[in-house]
2 protein chains.
Amino acid sequence: MTQENGTRKRRGSGRATIHDVAKVAGVGSITVSRYFKQPDTVSEALRERIRSAVSALNYVPNLVAGGLASTHGRIIGMVIPNISGPIFANTIQSFSDVLTAHGYQLLLASSYFSEAQEERAVRTFLGWSPAALAVTSQYHSKATGQLLASANIPVVETWDYAPRRKHIQVGFSHTEVGRQAARYLLGKGYRRIAFVQNSVASDESAIDRRDGYAEVMREHGLKPWMFIPTAATPFEAGKQAMEALALRQRGAAEAIIFANDNLAASAILAGQRAGIRMPEQCAIVGFGDYAMSSMLLPSLTTIRPPAKEIGEIAALRILESLGETPLSGRLQRLNLLACELVERESA
Amino acid sequence: MTQENGTRKRRGSGRATIHDVAKVAGVGSITVSRYFKQPDTVSEALRERIRSAVSALNYVPNLVAGGLASTHGRIIGMVIPNISGPIFANTIQSFSDVLTAHGYQLLLASSYFSEAQEERAVRTFLGWSPAALAVTSQYHSKATGQLLASANIPVVETWDYAPRRKHIQVGFSHTEVGRQAARYLLGKGYRRIAFVQNSVASDESAIDRRDGYAEVMREHGLKPWMFIPTAATPFEAGKQAMEALALRQRGAAEAIIFANDNLAASAILAGQRAGIRMPEQCAIVGFGDYAMSSMLLPSLTTIRPPAKEIGEIAALRILESLGETPLSGRLQRLNLLACELVERESA
DNA sequence: TTGTAAGCGTTATCAG
DNA sequence: CTGATAACGCTTACAA
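Nothing here was measured: the structure is a model prediction, and the numbers come from that model. (Residues numbered from 1 in each chain as written. Chains lettered and ligands numbered in written order. Predicted model: local features only at pLDDT ≥ 70, side-chain atom pairs only at ≥ 80, totals over all residues. Heavy atoms only, no water.)

Looking at this structure, how should I read the interface of chain B and chain A?
Interfaces are often described in size by the accessible area the parts lose on coming together. Across the contact, 49 residues belong to chain B and 47 residues belong to chain A. Together chain B and chain A conceal approximately 4400 Å² of surface at their shared face, both sides included; 63% is due to carbon and sulfur atoms. When the buried area of chain B at its contact with chain A is split by residue, V64(B), W128(B) and M295(B) rank highest and sum to 17% of it. For the pair chain B and chain A, the interface holds zero salt bridges. The tally of links from chain B across to chain A stands at 16 residue pairs in polar contact (both at pLDDT 80 or more). In terms of residue class, the side of chain B that touches chain A is built from 27 nonpolar, 17 polar and five charged. Pairing analysis gives three bridges linking strand β2 (residues 105-110) of chain A to strand β2 (residues 105-110) of chain B, with the strands arranged antiparallel. Within the sheet, the bridge partner assigned to L107(A) lies in β2(B) and is L107(B). (Contact = heavy atoms within 4.5 Å. Buried area = accessible area lost by both parts, 1.4 Å probe. Salt bridge = Lys/Arg side-chain N within 4 Å of Asp/Glu carboxyl O. Polar contact = N/O pair within 3.5 Å; in protein donor to acceptor, adjacent residues only side chain to side chain. Nonpolar A, V, L, I, M, F, W, Y, C, P; charged D, E, K, R; others polar. Pairing = 2+ DSSP bridges. Helix = DSSP H or I, 4+ residues; strand = E, 2+ residues; numbered from the N terminus.)

In C-alpha cells form, the structure reads like this:
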C-alpha cells in the first residue's frame, strides 16, 4: 500500500492514527489519548492544537485498538429470543439508547428461544471482550452458565426475576403473571378457565406463567386445564385452541388465558368468525400487550410487561456496575418490576 | 494481578490466549491461528493436539485483537431509524441472521430519522473498523456522506432505491409506492383522494411516497390534496386526519392514503367510532402492512414493503463485496424490490 | 501537565 | 506444513 507521503506500509487501514494527530499537533500521542479520555488533564493550549489536528485529519479513534489496549472495550452484547417479535423490540431500543448515550455500543444476537443458539452467541460475544452482557430469562444451557459465570464482567438477566440468581436481574416474575391472570378471571366469576401454551415449546418463561395459573386454580379447588396447540404458527395455534376449547358442544371454556397476545389475537379473530360473543360466551386474556391488541374487536384484555423499562433499567444497572455515572435519575427503581393488567373488552 | 501460576501480570484480561493454547499444544501460536482460520493447512496430528488444548483451556479467540491485527474486524454496523417500530425489526432480524451465519456480528444503532444521530452512529461505527456498514434510505447529512465515501468499505443503503447512487442499494422506490397507491384508488373510481403525511417530518422517504401520489394525481388532471397532521403521536395524528378529511360536511375525501399503517389504523378506529362506513364512505390505504393491519375492522388495505428480504439481500450483497461465498442460493435476486399491494377490506 | 516505553492478543510477512 | 518476528493503534505504568 502506497501512502500519501510516498512511503510504503505493509499493513494498516490507511486511516489517520493517534500518532498522526500527535505529530500534526506537535504533542505526544498519549496526550491525544488523554484529550479524548480525560480532557481536563490536558492544558487548554494543547487541547486547541489537538482539536484542529483532529479535524484536519478527520481522525476517528480506533476503538478496536483501544479495546485491546485497555482489555475492556465499550461493547455490550445482548442476546434476545428475537428482534422482530413485538415484545422484545422495545427492550432492545431502550437498552441501546441508554448505552449509546454513555458511549457504549450494542452488539446484538438472537437465540430464537434456543439454548444452543444462545450459547453460541454468548461465546462469540465473549470474543469481543465486551464490557458487559445481557441475556434473556434465567434459563440457559449449562455451558452458557459457566461462560457467564467465568466471564468476569457484569451480566444481566432480563425479562425474568427469580430468587437466588447470581447475576443482576431486571424483569418480573412470570409465575406471578400467570397467577395475576387467573386471579383476575376468578374474581370475575369464571370457573372453567383454560390456559393455552405457546406453540414454541422452548419458551420456558411461558411455562412459568402456566404454572402460576395452575397454582391459583388449585388453590381455589379447581383443576387446571392446559391446552397445547400442535399447529406450527401462532396464528393457526390460536384458532386451533379456540376450536378445541370454546367451540365444543359440552363443557366449553368460560375463559381462556393465552401464553401471548399473538395466540389471543388469532383466537379472537377465529371466535369472531364463529360468532362467539366475547367475553359473554368466552373471555380472553393475553400476555404482551402488542400494538394490535387494543385494536381488536373485542379489544384484548392482556398483561403488559414493562418492556421499555426493562431495557432502560438493565442498561442503568450495567453502567453502575461499570462504575459509570448514569445520566438519568431513575436509579431508585427496583429490579423487580410489575406487570400491569390492562382491562379491555375481551375479559 | 496474580495469576494461577503465581506469576504477576500487569495487564491482560486473565483469559487464555492463543499463546497459552500454543504452549499447551506444543506448537507455535501462528499454527493455532491457522487452526481456526484455515484448518486445512494444519496437519491432522497438530489439529488434534490444538483441539484438546483449546477445550482444556476453554479458549475463546479474542476477536478484538484479531480485528486489530487484520485491520478488518468481523463487525458490521447498521443504522436504522428505530428498532422498536413494526417496520424495521424484520429487516434487522434477517440482516443479523444472515451475517451471524457467516461469522459476522451486528452492531446496531438507531437514528430516529435524525441525520445528526445517524452521523454520530456512523462515526462511532467507523471506530470499530467494521467490515461493512448498512444505513437506511438515501438521505444523509453531508458529513455522513463523506464519512461513508471515504470509509473504503462496502456500504449498503437499505429501504430505498434511487438511480445514480454510489453505494449498493437494496430496497424499493418510495415514489413508486406512492404512485401505486394512487393508481389503485383511481382504478377503483375514487377521485377525491387525499394523502396524509407522517407526523415525523424528517421521514424523507414518506415524502417520496407523497410525491409519487401527487405525480399520478396530476397526470389524471386531479389536484393533489395533502394533509399534514400537527398532532405529536401517530395515534392522534390519524384521528386528526380522519376528522379533517372524512368527517367534514362538504367535500369530504372519498379515499385517503396514509404515510404508514400506524396512521391508517388509528384513522380506522376513529372512523369506526364516528360511524363512517369504510370503504363505502371513505376508503383507506396504508403503508407497511404491520401485524395489526389484517386484524382491524375493516381490515386495512396496504402496501407491504419487503422488509425481511431487504435485510437478507443487503447482507448477501455485503458478503459478496467482502469476498465471502454466501450460503444461500438467492444471489440472482435484484436489489430493486417490489412492494405488494395487499388488498383487504378498507379500500 | 506531558512524555517514554512496554505491552494488549492477534495476524501478515517472510523464512524454513 | 510450521514457525519467528514484526506490526495493528491504542492505553497502562512509570518517569520527568
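Past the structure itself, the notes keep going.
For this particular structure, what's the right way to read the protein's contact with DNA strand D?
If you check the shell around DNA strand D, you find 32 residues, and the closest are I18(A), S33(A), Y59(A), T31(B) and S43(B). Sugar and phosphate atoms form 65% of the subset of DNA strand D atoms that lie within 4 Å of the protein. Interatomic distance of 2.5 Å between a side-chain N/O atom of S33(A) and a phosphate oxygen of DNA strand D. Here a base oxygen of DNA strand D sits 3.2 Å away from a polar atom, N or O, in the main chain of A69(B). Mapped by element, the contributors of at least two residues to the surface near DNA strand D are α1 (18-25), α2 (29-37) and α4 (63-70) of chain A together with α2 (29-37) and α4 (63-70) of chain B. Along the lines of polarity and charge, the residues of the surface near DNA strand D split into twelve nonpolar, twelve polar and eight charged. (Near = heavy atom within 4 Å.)

Even after reading the chapter, I still don't get helix α5 (residues 89-101) of chain A, so can you show me in this structure?
One turn of the α-helix equals 3.6 residues, which is why residues spaced by three or four share an orientation. Here α5(A) spans 18 Å end to end across 13 residues, near enough to the 18 Å set by a 1.5 Å rise per residue. The inward-facing, buried residues of α5(A) abut β1 (75-80), β2, β3 (132-136) and α12 (307-321) of chain A together with β2 of chain B. Remark: G103(A) follows α5(A) within two positions and exhibits a positive phi of approximately 85°. (Expected span 1.5 Å × (residues − 1).)

Would you mind showing me how to read the packing of α1(A) against α2(A) here?
Any two packed helices are characterised by the angle at which their axes cross and by the distance between the axes. Residues and elements named next belong to chain A. At a minimum axis distance of 8 Å, the contact between α1 and α2 shows a crossing angle of 105°. Considering their axes alone, α1 and α2 lie roughly perpendicular with respect to each other. Along its contact with α1, which presents I18, H19, V21 and A22, the element α2 presents S29, V32 and S33. In terms of residue class, the contact of α1 with α2 is built from four nonpolar, three polar and no charged. (Axes fitted to C-alpha atoms, helices over the stretch in contact; angles between N-to-C directions. Parallel < 35°, antiparallel > 145°, perpendicular 65-115°, else oblique.)

For this particular structure, what's the right way to read the UniProt feature "domain: HTH lacI-type" (unreviewed entry) in chain A?
Sites flagged by UniProt as "domain: HTH lacI-type" (unreviewed entry) map to residues 16-70 of chain A. Annotated as 71% helix and 0% strand, the span residues 16-70 of chain A places its first and last C-alpha atoms 20 Å apart. (UniProt positions renumbered as here; feature names shortened; annotations may be inferred.)

What am I meant to see in the protein's contact with DNA strand C here?
Neighbouring DNA strand C are 31 residues; T31(A), S43(A), I18(B), H19(B) and S33(B) lie closest to it. Close to the protein, within 4 Å, the atoms of DNA strand C belong to sugar or phosphate groups at a rate of 63%. Taking S33(B), its side chain carries an N or O atom lying 2.3 Å from a phosphate oxygen of DNA strand C. Separating a base nitrogen of DNA strand C from a backbone N or O atom of A65(B) is a distance of 3.3 Å. Among the secondary structure elements, those contributing two or more residues to the surface near DNA strand C are α2 and α4 of chain A together with α1 (18-25), α2 and α4 of chain B. Per-element accounting of the surface near DNA strand C gives the leading share, four residues, to α4(B). Here the surface near DNA strand C is built from residues that sort into twelve nonpolar, twelve polar and seven charged.

Would you explain the relation of the copies chain B and chain A in this entry?
What relates the pair of chain copies is a rotation about an axis plus a shift along that axis. For the pair chain B and chain A, the superposition axis carries a translation of 0.0 Å, the fit reaches an RMSD of 0.0 Å, and the rotation angle comes to 180°. The relationship between the two copies is best expressed as a two-fold rotation axis. Interface residue correspondence from chain B to chain A reaches 96%, placing this contact among same-surface, isologous pairings. (Least-squares fit on C-alpha atoms with pLDDT ≥ 70 in both.)

Please explain the packing of aromatic side chains as it appears in this structure.
Each aromatic ring pair is described using two quantities: the centre-to-centre distance and the angle formed by the ring planes. Per the counting criterion, the structure on display carries twelve aromatic pairs over all chains. Their ring planes at 35° and their centres at 5.4 Å tell us that F195(A) and Y213(A) sit as a pair that is tilted. Taken together, the residues span a long stretch of sequence, with F195(A) in strand β6 (residues 193-196) and Y213(A) in helix α9 (residues 204-219) at a distance of 18 residues. Measuring from ring centre to ring centre gives 5.7 Å for W159(B) and F172(B), while their planes differ by 70°; the resulting arrangement is edge-to-face. Here F172(B) lies in the loop between β5 (168-170) and α8 (174-187) and W159(B) lies in the loop between β4 (155-158) and β5, a separation of 13 residues in the sequence. With respect to class, W159(B) is no different from F172(B); both count as buried. Among the aromatic residues, those joined into a ring-pair cluster are F88(A), W159(A), F172(A) and F287(A). Taking NZ or CZ as reference, R74(A) lies 4.2 Å from the ring centre of Y104(A), over its face. (Phe/Tyr/Trp six-rings, centres within 6.5 Å; stacked < 30°, edge-to-face > 60°. Buried < 20%, exposed > 50% of the residue type's maximum accessible area, 1.4 Å probe, protein only. Lys NZ or Arg CZ within 6 Å of the ring centre and 35° of its normal.)

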